[in-house]
Amino acid sequence: MPFEFIKTDIPDLILVKPKVFEDCRGFFMETYKKSDFEKAGINTDFVQDNHSKSVRGVLRGLHYQKNPYAQGKLVRCIKGKIFDVAVDIRKGSPTFGKWVGLELSEENRLMLWIPEGFAHGFLTLSEEAEVIYKVTGGEYSPEHDAGIVWDDPDIGIDWPLKDVLLSEKDENLPRLRDADINFVYGG
Ligand SMILES: Cc1cn([C@H]2C[C@H](O)[C@@H](COP(=O)(O)OP(=O)(O)O[C@H]3O[C@H](C)C(=O)[C@H](O)[C@H]3O)O2)c(=O)[nH]c1=O
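What you see is a predicted model, and the numbers here were worked out from it, not measured in a lab.

Trainee: Which residues make up the layout of surface pockets, and what values go with them?
Mentor: Of the pockets and cavities examined, the largest pocket occupies roughly 410 Å³. As for the largest pocket, its lining consists of 18 residues, of which N50, H63, Y133, D145 and K169 are closest to the centre. Mapped by element, the contributors of at least two residues to the lining of the largest pocket are β5 (46-55), β6 (59-65), β11 (118-124) and α2 (168-171). Tallying contributions element by element places β6 first for the lining of the largest pocket, with four residues.

Okay, structure coming up:
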């Protein structure tokens, strides 16, 4: 099995560890395989791939697209290191408002599967980080783009750095209690 699927504190949030084949040339690894991911319960109807580069201290998030353009994300850091965070924002979920954060890096090669109904963000821990992620559900739709402020005390994310660089948009995101959310658990 080329992948190890690891549960996190939020049942639907899955850490994926690919099998790496190293030799004198370097390495090879499969980073996605439909049959294996579907066996693990991961939706693989990917509609878009994204790639962003950030410098140390940049925090992108917490973002989500509202229904009917909700997105699932398979996130991977291919250069440097990030602290990747997902927050459950599905109304009625037993883990509503709960967050999971972990390091994804060029070195650990871990990937995080974040289903629809979660807000996502990451903090750049290395001088530079490049993040690529496959997206399910809705293609990019600015009208459905939404977010929650990174340091919402009701969520209490323990970001490793406190002095962060945000876009103007992210500086002005609402708290979870005021956010425009239309996800329903099990819906
Ligand atoms: C997300 C997106 C953005 N754009 C354009 C819109 C802006 O002109 C420019 C930068 O967008 P933004 O500042 O929203 O990029 P990020 O802050 O990296 O947003 C992402 O950050 C967090 C981590 C996420 O999980 C989302 O995928 C996404 O919201 O790219 C597009 O053309 N297509 C897209 O899918």
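The rest of the description comes next.
Trainee: I'd like a description of the site of the ligand, backed by residues and values.
Mentor: Taken together, the residues surrounding the ligand are Q48, R60, H63, K73, H120, F122, Y133, Y140 and K169. Interatomic distance of 2.7 Å between a side-chain N/O atom of H63 and an oxygen atom of the ligand. Contact between the ligand and Y133: an oxygen atom at 2.8 Å from a side-chain N or O atom of the residue. Within the complex, 65% of the 650 Å² of free accessible area of the ligand lies under protein.

Trainee: Kindly report on the sheet that holds β11, identifying the contributing residues and their values.
Mentor: Pairing in this open sheet of five strands is antiparallel, and the strands run β9-β8-β11-β6-β13 from one edge to the other. One side of each edge strand has no neighbouring strand; the edge strands of this open sheet are β9 (99-105) and β13 (145-147). This sheet shows a mean twist of 30° between the axes of neighbouring strands, independent of strand direction. Here strand β8 (residues 81-88) pairs with β9 via seven bridges, running antiparallel. When the sheet's bridge partners are listed, I82 is paired in β9 with L104.

Cut-offs and rules
Residues numbered from 1 in each chain as written. Predicted model: local features only at pLDDT ≥ 70, side-chain atom pairs only at ≥ 80, totals over all residues. Heavy atoms only, no water. 1 Å grid on protein atoms, 1.4 Å probe; cavity = no way out; pocket = protein on both sides within 12 Å on 5 of 7 lines; lining within 4 Å. Points joined across faces, edges and corners; volume = space filled by probe spheres on them. Helix = DSSP H or I, 4+ residues; strand = E, 2+ residues; numbered from the N terminus. Near = heavy atom within 4 Å. Polar contact = N/O pair within 3.5 Å; in protein donor to acceptor, adjacent residues only side chain to side chain. Areas by Shrake-Rupley, 256 points an atom, 1.4 Å probe, with all protein chains shown as cover. Pairing = 2+ DSSP bridges. Axes fitted to C-alpha atoms, helices over the stretch in contact; angles between N-to-C directions.

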